[in-house]
Amino acid sequence: MTAPLQDAAPPSEDTDAQVIEASWRDPDRFGAVFDRYFASIHRYVHLRLGESAADDLAAETFLRAFRSRDRFDLTCPSARPWLYGIASNLVADHHRAEARRYRALARSVGAGEVANHDERVVQRVSAAVMQPRLASGLARLSAGDRDVLLLVACAQLSYEEVAAALGIPQGTVGSRLNRARKRLRKIIGSAGEAL
Amino acid sequence: MNELEAIKGHHDSLPGPAPEVTSRAWALLTEEAERAEGGHPERPLGRPRGRRWVVRAGVAVGLAAAVTAGMIFVRGGDESVPFGTAPAGAAELLRHAATVAAREEVQPGPGQFLYVEQKDVTFASDSEGEYTQDVRREVWMPGGDPGKALTRSTYGRTTVISGGHPEHVQAPGTVEYQRAGQCRGGFSGLPFQAADLPGDPDRALAKVRQEAETFVRSDQRRRGEAGLSRKEIDMRVEKVVASSLLRLAQNPLTPSRTRATVFGALSKLATVTVVPDLTDPAGRHGVGASIKFETPGGGWERGELIFEPATYRFLGYRSWIGQPEGGQVREIPGASTAMLTVKVVDSMPEVPKDAGKPMFC
């Protein structure tokens, strides 16, 4: 008996655009989009609004995406900008809550400032506690600047993808990002501590 | 660290959605899809049929499961895992492992790669005898284009089990590169993939069993076998079920949620037992879930999934083959794997221009 090492099978996977196009005729194909991105979108919303809100809004993101899948631009191979755009729009409906969250994180990471028990537990056991200066800086950005900054930093979207996600010109992406970073650096710097 | 890196670092350290959150979101989407189709409640939203992320290695079932190198997040609620507490049995161990696996997600973005490093010990035999060989295997799986995946194998020492020193073996230090799609065929794939599994462990197990039955009957016709007893068919079905679940459980490219489902499905099998102390090929001790199944011809195979005792994090896999010989059954080692690293990286190596074709391709 000879038992050779076996080959690396050729992983093949349809692009998001192919999957979404297929889902126009066969809606259940959309499950692939959920599988690929639900965790990422959840984490993005978690950073912005907290875990409890993320549980609801990440689900809502995919419902909205599914309902509007016939409007997806098939020339874009990746659905990430589209999904992050939907998520950002949902977050925008809660921008006051978002700012409150950052302010709370900036004041303290103690149990009293966090929304629920689960988050307190997670924050105690993890390194996932946002630096207060960073939170303070994010709280003081405009909603538009924050959208751009977080899509670039968290989702690692390109200028072009951010522009597509938010429906703004690429030049605006660049200027918002510059402004946000400058402002953030100033706030962080004024706190006298480096990140 | 600049401000963008600080934000990214914080973002990446956040836990992924809890399994019940994902399940709820999935259920909502399924309902929506059913409405879109005019109502077919019996037809759940499908997993991506195109997903075929299977990188294979070793003798019996392939690579080991992915483990996030990062922190295990502890949540309250019904799904809490009592870390550090010895499980009462294999089912409990696997349920804990499922809960932990569901929370581990390594998701490369565009331009990034899922990087997996593992130590494999492969078993082989030829006319010279039997031997095992250590192989360090690394896989880079692009986030946006899995068709460009790359595997690098660095061969280590050979250990002779019986006979003389094998001639047809890679010398220690030999490095091979293998691109996705380079080595087609040569693998008798089992009939289901991660993408086909429902999220619920009971339904997943039922589906695996149903497809195993179909596979066994088809295989029986292909082999020209007639008149197999029900017992023989059942035995073959159970073998395919166990092999399939083990293969999915240990594959580092199986999505974490699917791996959790597979651990859950394995926990339903009455033949799984707990082994208090097992050692993976990297020498790490862990608690094991062992499943043994008969094979045609009077032999058997045994697969052992090894978990870190304190956290139920997946460490590695070992397998053993019981080979009938002269009226007795001789135990020989199968493939084993220690999962060393799973992380997202920003680049993958270039394949050297003078790299040869892999030996086993």
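Residues numbered from 1 in each chain as written. Chains lettered and ligands numbered in written order. Predicted model: local features only at pLDDT ≥ 70, side-chain atom pairs only at ≥ 80, totals over all residues.

*Asks:* Please explain the packing of helix H5 (residues 230-250) of chain B against helix H6 (residues 256-266) of chain B as it appears in this structure.
*Replies:* For any two helices packed against each other, one specifies the inter-axial angle together with the distance between the axes. Residue and element names in this part refer to chain B. Relative to each other, H5 and H6 sit at 145°, their axes nearing to 9 Å. Handedness of the H5/H6 crossing: left-handed. Of the residues in H6, those in contact with Leu245, Leu248 and Ala249 of H5 are Thr258, Arg259, Val262, Phe263, Ala265 and Leu266. Class assignment for the residues of the contact of H5 with H6 results in seven nonpolar, one polar and one charged. (Axes fitted to C-alpha atoms, helices over the stretch in contact; angles between N-to-C directions. Helix = DSSP H or I, 4+ residues; strand = E, 2+ residues; numbered from the N terminus. Left-handed = near helix turned anticlockwise from the far one by under 90°. Contact = placed C-beta atoms within 7 Å. Nonpolar A, V, L, I, M, F, W, Y, C, P; charged D, E, K, R; others polar.)

*Asks:* Would you mind showing me how to read the packing of helix H3 (residues 90-102) of chain B against H6 of chain B here?
*Replies:* Residues and elements named next belong to chain B. Interaxial distance between H3 and H6 falls to 8 Å at its minimum, and their mutual angle equals 175°. As summarised for this structure, H3 and H6 are arranged roughly antiparallel, according to the angle between their axes. Counting all contacts with H3, which are made through Leu94, Arg95, Ala97, Ala98, Ala101 and Ala102, the residues of H6 involved are Ser256, Arg257, Arg259, Ala260, Phe263, Gly264 and Leu266. Residue composition of the contact of H3 with H6, grouped by class: eight nonpolar, two polar and three charged. (Parallel < 35°, antiparallel > 145°, perpendicular 65-115°, else oblique.)

*Asks:* Help me out: how do you make sense of the nonpolar core in this one?
*Replies:* Grouped burial of nonpolar side chains is what soluble globular proteins tend to show. By size, the foremost hydrophobic cluster in this structure holds 62 residues, and its most contacted members are Val33, Val45, Leu83, Ala87, Leu151 and Val162 of chain A. In terms of residue count, helix H2 (residues 31-49) of chain A provides more of this core than any other element does, 11 residues in total. Membership of the second largest hydrophobic core comes to 56 residues, among which are Leu253, Phe263, Leu278 and Leu305 of chain B. (Core = buried A, V, L, I, M, F, W, Y, C linked by C-beta atoms within 7 Å. Buried ≥ 20, exposed ≤ 12 C-beta atoms within 10 Å, placed from the backbone.)

*Asks:* Help me understand helix H7 (residues 132-139) of chain A in this model?
*Replies:* In an α-helix there are 3.6 residues to a turn, and that puts residues three or four apart on one side. Within H7 of chain A, six of the eight residues are buried, which leaves it mostly tucked inside the rest of the structure. Taken residue by residue, H7 of chain A has Arg133, Leu134, Ala135, Ser136, Gly137 and Leu138 of chain A as its buried positions.

*Asks:* Is there a simple way to explain the pairing of strand S4 (residues 175-179) of chain B in this structure?
*Replies:* For a regular strand, the rule is simple: side chains alternate between the two faces of the sheet. Residue and element names in this part refer to chain B. Only one face of S4 is buried, namely the one carrying Glu176 and Gln178, since none of Val175, Tyr177 and Arg179 on the opposite face is buried. Bridge count for strand S3 (residues 150-163) against S4 is five bridges, and the pairing is antiparallel. Paired with leucine 150 across the strands is arginine 179, a residue of S4. (Pairing = 2+ DSSP bridges.)

*Asks:* So what exactly am I meant to see when it comes to the environment of tyrosine 44 of chain A here?
*Replies:* Residue and element names in this part refer to chain A. With respect to the helices and strands, tyrosine 44 occurs in helix H2. It is 8.4 Å that separates the C-alpha atoms of tyrosine 44 and leucine 150, two residues lying 106 residues apart in sequence. Sequence-distant contacts of tyrosine 44, that is, excluding residues within four places in its chain, are made with Tyr84, Ala87, Cys154 and Ala155.

*Asks:* Where do I start with the confidence of the model for chain B in this structure?
*Replies:* Parts of the model with low pLDDT should not have their predicted coordinates read in detail. Residues and elements named next belong to chain B. Confidence in the prediction of chain B, expressed as mean pLDDT, is 76, and 77% of residues score 70 or more. For the stretch residues 46-84, pLDDT sits under 50, and the model shows 144 contacts to residues farther than four places along the chain or on other chains. Confidence drops under a pLDDT of 50 for residues 184-191, and excluding neighbours within four residues, the segment shows 14 contacts in the predicted structure. Note on the complex model: pTM 0.51, ipTM 0.80. (pLDDT = per-residue confidence, 0-100.)

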